[in-house]
Amino acid sequence: MIRTPLRPLARILDARRKGENPDAIERENIRLRIEEQRDRTRRRAEGRLLVLAGLFLAGFIVIGGQMAVLAQSEPAEPRSEASGARILAQRADITDRKGRVLATNFDTFSLYAQPPQMIDPEGAAVKLAAIFPDLDAKRLRRDFTGKRKFLWLRRTLSPEQKQAVHDIGEPGLLFGPREMRLYPNGRMAAHVLGGAGFGTEGVSAAEVVGVAGIEKALDARLRDPARAHEPLRLSLDLSVQAALEKVLAGGMSIMNARGAAGILMEVQTGEIVAIASLPDFDPNNRPAAAIEGKPDDSPLFNRAVQGVYELGSTFKTFTIAQALERGQITPETIINTQSPMTWGKYSIRDFHNYGRELSVSQVLVKSSNVGTARIAIETGAERQRAFLGALGLLDPVQLEITEAGGSQPLLPSNWSELSTMTISYGHGLAISPLHLAAAYATVVGGGRKVTPTLLHDAARAPGPRVISEATSATMRAMLRQVVTDGTASLAEVPGYSVGGKTGTADKPAPGGGYADDKVIATFAGMFPADDPKYVIVVTLDEPVETSGDEPRRTAGWTAVPVAAEIIRRTAPLLGLRPAIEQAGAAAIRRVAN
């Protein structure tokens, strides 16, 4: 910037020549300079005011827009955020196939103590012990008055407990927001759900993680933030599950059984509609794992999946189905059933003497061990093993719960000819009830292998073919005869044609051999028999039916009536209409197996 001199020499000299006062030039230049500075200052101030006005206008627009958004939103209680990294606690709900909640999340509080901030630590210890009987007042007093600066007291609190602690008025007792897993149906489907606990914990949140069942097996899916809003939909039907559990518990009590398992599964899809193991537990208060005794002494033990048993005569269905598929026999083929059948120093006997010979159909209907063993000998050990493997009976069952990994079948160390005979009628090879349900679904559902699942409407390709549709149809007719004329006559349910097979297997004794008075009683069935929609398996551990003069332990007297009652209760819930039966139906006969 070029400044004009106040007393320019040229003008001063010119003014002196003209006789004018040179000071007037300086005063005039000073006046012009002041006016110029004033105009420049005014223009700068006007620009600043214009910018400030623009900022105020923009601020008012933003605030007004935010107020409009808040006016249209739902009111919510403000929540403070703790400093530090936030622990992600949100977990997807679990529902049944109809969208009814099986597991969800519940907002609660944790309780912790900071002893240095306490005013009356000894009094607080006494009052806390009165609110929480499981807390020891002496230990609390020692912790509160010692050197500890932080102490967890309760991971979760009920609203009543929180209020009671709040009423103590102790500033050193603090609450932290906490999200916990809630199972609103209590014990319902406990072994499927498993339960959840806390992983990484902080005073402001805790990480909810699965500890068993489907909660643990699909933990990553349930904890995925991108899918937290999307419930995990199971194949279970809550109404059917409730009916199955109620009847199974009643049957276990009436039959004086040590434990029980029940499975109801769709034949074509393998979707499990209901599955239960008794005794059970409440996943809201999951008990600690047993550290001594037998595994099945604990209510955490899943008998339907982890329970590996010799399931007796239910295996005769597989033996006959394989022989039919090979063209080795027909339902009318006559089999030598003269009892006992000897093999070296061993003897195979039937429960009753059925005469010198029976047709294949009668071998299944009357449950002849001798007849089944003779069929298996002709089939051969290698072919038998391959067929049972194709049914999935030699490997752990595939299911979306962690416990499925413990369902490894127990196979003979040497699959000899004797093993072939005993396995043909369900001794010498131990599997789980879920193995049995899947294999029966394969046999009666058209012959393609069925894989059980707990997920609803999951995309699944048809399994490989194990037997032909013709063999499957023949087996359905023969299993129906077992109910109308054979060992499962008590499974007859008015309006619903039921087919199936009983199995009564002696339990292994601790010192070797088999117990004389302890059995595993099983019924594996299907309904409706002409076009099976569902497979049912009921297993009772050490049942004893005592209504008669002598105790009865066979499946025909124990597992079969329980299964029949389950079908009677659940068939209407499954949308199956009862058929009108013709008069003169076969009379119920008392049977052995």
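Only a predicted model underlies this, so the values are computations on that prediction, with no experimental measurement involved.

## Observations regarding the confidence of the model for the protein
Do not read the predicted coordinates in detail wherever pLDDT is low. Overall, the predicted model of the protein reaches an average pLDDT of 88, with 94% of residues at or above 70. Here residues 77-85 is modelled with pLDDT under 50, and outside its nearest four sequence neighbours on either side it reaches 3 contacts, counting other chains as well.

## Concerning helix α17 (residues 559-573)
Here α17 contains 15 residues, and its C-alpha end-to-end distance of 21 Å stays within 8% of the 21 Å for a straight helix at 1.5 Å per residue. Where α17 is concerned, the buried positions are Ala559, Val560, Val562, Ala563, Ala564, Ile566, Ile567, Thr570 and Ala571. Those residues of α17 that are buried lie in contact with α9 (238-254), β8 (259-266), β14 (499-508), β15 (514-527) and β16 (534-541). Looking one or two residues past α17, Gly575 carries a phi angle of roughly 85°, positive in sign.

## A look at the sheet that holds β16
As summarised here, the arrangement of the 5 strands in space is β9-β8-β16-β15-β14, forming an open sheet in which the pairing is antiparallel. Strand pairing shows two members of the sheet lacking a second neighbour, β9 (272-278) and β14, which therefore form its edges. Between one strand and the next, the sheet's axes are offset by a mean angle of 10°, whatever the strand orientation. Here 8 bridges tie β8 to β16, and the two strands are oriented antiparallel to one another. From the neighbouring strand, Ile263 faces β16, where its bridge partner is Val537. Strand contacts of α9: β8, β9 and β16, with the helix running at about 30° to β9, the strand carrying the most contacts. In the packing of α17 onto the sheet, contacts are made with β8, β14, β15 and β16, and the angle to β16 comes to roughly 140°.

## Digging into unusual backbone geometry
The omega torsion across Leu278 and Pro279 is 0°, close enough to zero to call that bond cis. Structurally, the position occupied by Pro279 is in the loop between β9 and α10 (316-326). The residue after Ser339, namely Pro340, is reached through a cis peptide bond having omega 5°. Within the secondary structure, Pro340 is located in the loop between β10 (334-336) and β11 (341-343). Residue Ala189 is not a glycine yet carries a positive backbone phi of 55°. Locating Ala189 in the fold gives a position in the loop between β4 (173-182) and α6 (190-193). On the accessibility criterion, Ala189 (3% relative accessible area) is buried. Look at Glu542: it is not a glycine, yet its phi comes out positive at around 60°.

Cut-off values and rules
- Residues numbered from 1 in each chain as written.
- Predicted model: local features only at pLDDT ≥ 70, side-chain atom pairs only at ≥ 80, totals over all residues.
- Heavy atoms only, no water.
- pLDDT = per-residue confidence, 0-100.
- Contact = heavy atoms within 4.5 Å.
- Helix = DSSP H or I, 4+ residues; strand = E, 2+ residues; numbered from the N terminus.
- Expected span 1.5 Å × (residues − 1).
- Buried < 20%, exposed > 50% of the residue type's maximum accessible area, 1.4 Å probe, protein only.
- Pairing = 2+ DSSP bridges.
- Axes fitted to C-alpha atoms, helices over the stretch in contact; angles between N-to-C directions.

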